[in-house]
Amino acid sequence: MDERFTPQSADALRQAEVEARRLHSPTIEAEHLLLALSSMEAGVAADVLHQDCHLAPQEVQIVVDEISAKFVRSTGRDDGTPTLSAALSSLLNRAAQEAQAADHAWI
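Nothing here was measured: the structure is a model prediction, and the numbers come from that model.

Caption draft 1: Up close: the pattern of salt bridges. The full count for this structure, using the stated rule, is five salt bridges. Note that R21 is salt-bridged to E17, the shortest N-O span being 3.2 Å. In this pair, R21 and E17 are both assigned in helix α1 (residues 7-22), four residues apart and thus about one turn of the helix distant. A salt bridge links E19 to R22, with the shortest nitrogen-to-oxygen separation between them at 2.8 Å. Residue E19 and its partner R22 are both found in helix α1; the two are separated by three residues, about one turn of the helix. Residue classification places E19 among the buried positions, given a relative accessible area of 10%. Residues participating in the shared-partner salt-bridge network are E19, R22 and D65.

About the thresholds
- Residues numbered from 1 in each chain as written.
- Predicted model: local features only at pLDDT ≥ 70, side-chain atom pairs only at ≥ 80, totals over all residues.
- Heavy atoms only, no water.
- Salt bridge = Lys/Arg side-chain N within 4 Å of Asp/Glu carboxyl O.
- Helix = DSSP H or I, 4+ residues; strand = E, 2+ residues; numbered from the N terminus.
- Buried < 20%, exposed > 50% of the residue type's maximum accessible area, 1.4 Å probe, protein only.

Listed below in structure tokens is the structure:
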């Protein structure tokens, strides 16, 4: 895992991979990360989703499952391990740029 990630961020990315596998997606997409973040008990993202947006993890899961069922994804690795999608990689790179601009060492 990238050393720039906080332990919580790294955990969320690992959980996003689990969600991608559960949904038989060869790529880890932003919606898998959203699902992982919504299932976290604590953290900034969990607080925003649960307290500010009033979204329960079950609600997010229903929507992500519906979205995922509609898309055929590109292929992942030969061993079946999902890889980061180009869109999620771009999103994480943008987060790294924002962190650097704010003089933060972590994403």
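From this point on, the discussion continues.
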